[in-house]
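Results of the structural survey
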Amino acid sequence: MIYDNIRNLRAYSGVIPHAEEIADYIEKTDFEAMERKGGFPVCDGVTMNLAEYAPGEGSDYEAHRQYHDLQYAIRGCERIDVIPTDKAINSKSYKPDAEFFPAGDCSVTSTALDEGTFTFLAPQDAHKPCIKSTTDTILKAVFKIRID
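Only a predicted model underlies this, so the values are computations on that prediction, with no experimental measurement involved. (Residues numbered from 1 in each chain as written. Predicted model: local features only at pLDDT ≥ 70, side-chain atom pairs only at ≥ 80, totals over all residues. Heavy atoms only, no water.)

**A closer look at helix 1 (residues 19-28)**
For helix 1, every residue scored as buried is listed here: Ala-19, Ile-22, Ala-23, Tyr-25 and Ile-26. Mapping the buried residues of helix 1 onto a view down its axis gives an arc of 160 degrees, with all of them on the same face. Opposite the buried face of helix 1, by more than 90 degrees, sit the exposed residues Glu-27 and Lys-28. Taken together, the buried residues of helix 1 touch strand 2 (39-43), strand 3 (46-53), strand 5 (67-76) and strand 12 (138-146). (Buried < 20%, exposed > 50% of the residue type's maximum accessible area, 1.4 Å probe, protein only. Helix = DSSP H or I, 4+ residues; strand = E, 2+ residues; numbered from the N terminus. Arc of directions from axis to C-beta. Contact = heavy atoms within 4.5 Å.)

**Some thoughts on the pattern of salt bridges**
Summed over the entire model, instances satisfying the criterion amount to 13 salt bridges. Here Glu-20 ties to Arg-10 by a salt bridge, and the two come within 2.6 Å at their closest N and O atoms. Placement of Glu-20 in helix 1 and of Arg-10 in the loop between strand 1 (2-5) and helix 1 is noted, with a sequence separation of ten residues between them. Beyond isolated ion pairs, a larger network of salt bridges with shared partners links Arg-10, Glu-20, Asp-24 and Glu-27. (Salt bridge = Lys/Arg side-chain N within 4 Å of Asp/Glu carboxyl O.)

**Examining the packing of aromatic side chains**
Using the criterion set out here, one finds four aromatic pairs in the structure. Centre to centre, the rings of Tyr-12 and Phe-118 are 5.9 Å apart; their planes meet at 80 degrees, and the pair counts as edge-to-face. Taken together, the residues span a long stretch of sequence, with Tyr-12 in the loop between strand 1 and helix 1 and Phe-118 in strand 10 (residues 117-121) at a distance of 106 residues. On the numbers, 6.3 Å between centres and 65 degrees between planes, the contact of Tyr-25 with Phe-31 is edge-to-face. Accessibility expressed as a relative area gives 10% for Tyr-25, which makes it buried. In this structure Phe-31 comes out as buried when scored by relative accessible area, which is 5%. Through pairs of rings, three or more aromatic residues link up here, namely Tyr-25, Phe-31, Tyr-72 and Phe-143. (Phe/Tyr/Trp six-rings, centres within 6.5 Å; stacked < 30°, edge-to-face > 60°.)

As structure tokens, then:
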């Protein structure tokens, strides 16, 4: 997991696939004016989903096999809990690219996805997003980065 201010995204270009293209997309996009549904193409291997919602209790942990997640808070705040995927047990279900787990019996890393910050989550990062923190709503872009 990587957590930082979105202004620093380009510094991770050697670590986060397509960091440059995603940074370019963020700089030129008016997220407030976009529809809140569907997947928007960013570049080859990257799509972006935009959602505005009221964070709550979160649900199960999720882990991805075919994609990295780069989650960017445009407006608002939520908490994301992260555990190592190898500590996630008792898989509840698997559908294309997402496996779901109940809370495991291990230490949890929590991060506040505040306005202007991002978190990069790799397949080894089982994560539970959408947990209410300090604001009633969040506008968030989730970039799905295909693993080749």
